[in-house]
Amino acid sequence: MARLCFPVLVVQLLLLIAGVAGGPWQEFLRPQSDVDNDVVGTRWAVLIAGSKGFENYRHQADVCHAYQILKKGGLKDENIVVFMYDDIANNSANPRPGVIINHPNGSDVYAGVPKDYTGNDVNVKNFLAVLLGDKSALTGGSGKVVNSSQDDHIFVYYTDHGGPGVLGMPTIGESLFASDLVATLEKKHAAGTYKSLVFYIESCESGSMFEGLLPANISIYATTASNATEDSWATYCPGGGQGEAPPPEFMTCLGDLYSVSWMEDSDAHNLRNESLELQYDNYGDLGLNAQNLSLFMGSSDPANDSATVGGTDNSLRQLSSAVHQRDADLLYFWHKYRRSSDGMSEEARKELLEVMAHRSRVDKGIERIGGILFGTEEGPQFLNAVRPTGSPLVDDWDCLKAMVRAFEEQCGLLGQYGMKHTRAFANICNAGIGPIAMPNLASKACAAATPSAF
C-alpha cells in the first residue's frame with residue numbers, strides 16, 4: 001500500500017459509518033396490568049461481555065449498565081453473575097480513569113459491578129458451567145453459579161462480536177458455538193432448575209444462535225439484535241455526523257444500539273407494566289413474551305411508577321451516530337491515529353494497518369478456498385448462500401468446528417472480524433465436504449498470508 005494513499009483509503013473505509021435514522025424502533029415493551037403479581041422463586045441473572053480491548057469499550061459498558069438496572073430492580077449480588085475482561089475502566093486510553101459510561105451524558109455504570117469472572121476466566125467453559133450451576137467445572141473466578149431451582153426465573157444477557165452460529169470470547173482462539181449453547185440450555189431444562197429463562201444477545205447474525213435449534217417447549221424466550229443474516233450496530237460513536245456522539249475526549253463507541261435501546265427504555269419505564277415482546281427477532285417459547293420484565297429484572301426505580309410505554313420520549317430509532325459492529329474497531333484505530341502526537345503517530349498508523357491487513361488476509365483466504373472448490377465465479381455465491389428461514393446454519397456442527405480449527409491452523413485466527421465467514425465453512429460442510437480436506441485447502445489459499453492473533 002502506498003504511504004500517501006493510506007489516509008484516503010481509510011477515509012473511504014470509514015464512509016461505511018451509517019445512520020439508522022428512521023429505523024423501525026417501535027416500542028420495545030408493551031403495557032401490562034398495573035398490578036405487580038407476586039413472584040414465586042428467585043431471580044437470577046448472567047451478564048457477559050465477550051470481548052476485550054479499548055476499541056470494544058461498548059460491550060463492557062453495556063454489561064455494567066445492565067447490572068445497574070438489575071441492581072435497582074432489587075436483584076441481589078449473590079444472584080447476579082458478571083463476566084467481563086475488566087480492561088476498560090483503568091485502561092491507559094480511558095479519558096475518565098475508573099469510570100465507564102454507556103451514554104454521552106451518562107453517569108458511571110462501573111461502580112459496584114461484581115468482578116466474578118475477569119481476564120482469561122471469561123471463557124466458554126466457565127460460562128456454560130455457570131448456566132448449569134456446575135461449580136466442579138469452573139476454573140478460576142469467584143465460583144458463583146446460577147444455583148437455581150424449579151420455581152426460579154433466569155435472565156441472560158450476552159454482548160459481543162459474533163458471526164453465523166458463533167459468539168466471541170476474549171480468550172484468543174475461543175468461541176461459543178450455537179450448538180453448544182443450545183445443548184446447555186436443553187440440559188438446564190432437563191435438570192428442572194428454572195421456571196422460565198430469557199436470553200438477550202447483542203451481536204452480528206445473533207439470530208443464528210437459535211434459529212432452527214432452540215425448542216419452543218423448554219420455557220426459554222430469546223431475543224436478538226439481528227436475525228441470522230444481519231449485522232448489529234454500535235452507537236454513540238465519534239464522528240458519526242447526526243445523532244449523539246460521545247464526549248470529544250472519547251475515540252470509541254460507548255454502546256450498542258440494541259442494548260442501549262432496551263436498557264434506556266428500562267431506565268425510563270416501570271418494568272412491572274411492561275412485557276418482553278420486542279420488534280426484534282424472537283425464538284423459543286414465544287408464549288413468554290407477555291411476561292412482565294419485572295419477573296426477570298425486578299421492579300424499576302419508584303420514580304417511574306407512573307410511566308407507561310409511550311409516556312416518555314425514548315425514540316432511539318432516531319439515533320444515527322451508529323456504525324456497523326464490525327467496523328467500530330476501525331473507527332477507533334482511525335481516531336487514535338488521527339489524534340496521535342508526532343511521536344506516537346507511526347505506532348498508531350501501524351496498528352490501523354495491521355487491523356486492515358488482517359481483514360484482507362482473512363477475506364482473501366476464504367475467497368481463494370471458494371475458488372478452489374467451486375470456481376472463481378460460483379465460489380462467492382456458494383459460500384454466502386443462506387438456508388431457508390427456520391433452518392439451522394449447518395447440519396453437522398462438529399464439521400463446522402473442525403473446519404474453523406483447520407483453517408486457523410493454516411491461515412491464522414479468524415478474530416472478531418473473521419467470524420463473519422463461519423457461514424462459508426458451514427456451507428462447505430453442508431455440501432458434504434469433510435474437515436479433513438480443509439488443511440490442504442487452507443494451506444494453498446493462505447500460502448502468502450502470515451498468521452495473526454488479532
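Residues numbered from 1 in each chain as written. Predicted model: local features only at pLDDT ≥ 70, side-chain atom pairs only at ≥ 80, totals over all residues. Heavy atoms only, no water.

Moving on, we get to the environment of G50. Assignment of secondary structure puts G50 in the loop between β1 (43-49) and α2 (57-72). Judged by its relative accessible area of 2%, G50 falls in the buried class. Between the C-alpha atom of G50 and that of T171, which follows or precedes it by 121 residues, the distance is 8.7 Å. Excluding residues that lie within four positions of it along the chain, G50 makes contacts with T159, D160, G168, M169 and P170. (Helix = DSSP H or I, 4+ residues; strand = E, 2+ residues; numbered from the N terminus. Buried < 20%, exposed > 50% of the residue type's maximum accessible area, 1.4 Å probe, protein only. Contact = heavy atoms within 4.5 Å.)

Our focus in this paragraph is the packing of aromatic side chains. Within a pair of aromatic rings, the relevant descriptors are the distance that separates the centres and the angle that separates the planes. All told, the structure shown has 17 aromatic pairs when counted by the stated rule. A ring pair is formed by Y57 and F250, whose centres lie 5.8 Å apart and whose planes are at 80°; its orientation type is edge-to-face. In this pair, Y57 is assigned in helix α2 and F250 in the loop between β9 (233-235) and β10 (255-256), connecting sequence segments 193 residues apart. Residue F250 is classed as buried on the basis of its relative accessible area of 1%. An angle of 15° between the planes, with centres 4.6 Å apart, marks the rings of F83 and Y117 as stacked. Separated by 34 residues along the polypeptide, F83 in strand β2 (residues 80-83) and Y117 in the loop between β2 and α3 (124-132) bring together distant segments of the chain. Judged by relative accessible area, which is 0%, F83 ranks as buried. Linked through ring pairs, F54, Y57, F250, Y332 and F333 together constitute an aromatic cluster. (Phe/Tyr/Trp six-rings, centres within 6.5 Å; stacked < 30°, edge-to-face > 60°.)

So, about the sheet that holds strand β4 (residues 162-163). Read from one edge of the open sheet, three strands run β4-β5-β6, paired in antiparallel fashion. Bordering the open sheet on either side are β4 and β6 (175-177), each of which pairs with just one other strand. As judged from the three bridges shared by strand β5 (residues 166-168) and β6, these two strands associate in the antiparallel manner. The residue of β6 that forms the bridge with G168 is S175. (Pairing = 2+ DSSP bridges.)

Let us look at the confidence of the model for the protein. For residues with low pLDDT, the predicted coordinates do not support detailed interpretation. Chain-level statistics for the protein give a pLDDT mean of 83 and a share of 78% at 70 or above. Counting contacts from residues 1-37, a segment whose pLDDT is below 50, to residues more than four positions away or on other chains yields 91 contacts. Counted against residues more than four places away or in other chains, residues 304-319, with its pLDDT under 50, gives 45 contacts. (pLDDT = per-residue confidence, 0-100.)

The subject of this paragraph is the nonpolar core. What tends to happen in soluble globular proteins is that the nonpolar side chains get buried as a cluster. With 66 residues, the main nonpolar core has F127, F199, F210, F407 and M438 as its most contacted residues. Among the elements that make up this core, the one with the highest residue count is helix α10 (residues 397-411) (eight residues). Beyond its immediate chain neighbours, meaning those up to four positions away, F127 contacts V46, I48, F83, V156, Y158, M169, L176, L181 and F199. Within the second largest apolar cluster, 44 residues are counted, among which are V63, A66, L254 and Y258. (Core = buried A, V, L, I, M, F, W, Y, C linked by side-chain atoms within 4.5 Å.)

Here we come to the pattern of salt bridges. Enumeration according to the criterion identifies 12 salt bridges in this entry. E249 serves as the salt-bridge partner of R96, at 3.2 Å between the closest nitrogen and oxygen. Taken together, the positions of R96 in the loop between β2 and α3 and E249 in the loop between β9 and β10 put the pair 153 residues apart, joining distant regions of the chain. Look at R96 and you get partly exposed, because its relative accessible area is 29%. Counted as one network, the salt bridges with shared partners bring together E205, D231 and R326. (Salt bridge = Lys/Arg side-chain N within 4 Å of Asp/Glu carboxyl O.)

Tracing the backbone through its elements, the reader meets C446 in the segment after α13 (438-445). Residue classification places C446 among the buried positions, given a relative accessible area of 4%. Taking the C-alpha atoms as reference points, C446 and G412, separated by 34 residues in sequence, lie 9.0 Å from one another. In this structure, C446 is in contact with G365, F407, Q410 and C411, ignoring residues within four places of it in sequence.

So, on to the sheet that holds β9. Across the sheet, which stays open at both edges, the three strands sit in the order β10-β9-β12 with antiparallel pairing between neighbours. Looking along the sheet, the strands with just one partner apiece sit at the ends: β10 and β12 (323-324). Across two bridges, the pairing between β9 and β10 is antiparallel. Within β10, the residue paired with A234 across the bridge is D256.

Going through the model one piece at a time under the given rule, you end up with three disulfides. Covalent S-S linkage joins C399 and C429, the inter-sulfur distance amounting to 2.2 Å. Residues C399 and C429 share a disulfide whose torsion about the S-S bond is about -90°; that sign makes it left-handed. Of the two residues, C399 is situated in helix α10 and C429 in helix α12 (residues 422-430); the sequence distance between them amounts to 30 residues. Residues C399 and C429 agree in their burial class; the two are buried. Paired through a disulfide, C411 and C446 show a sulfur-sulfur distance of 2.0 Å. (Disulfide = S-S within 2.5 Å.)

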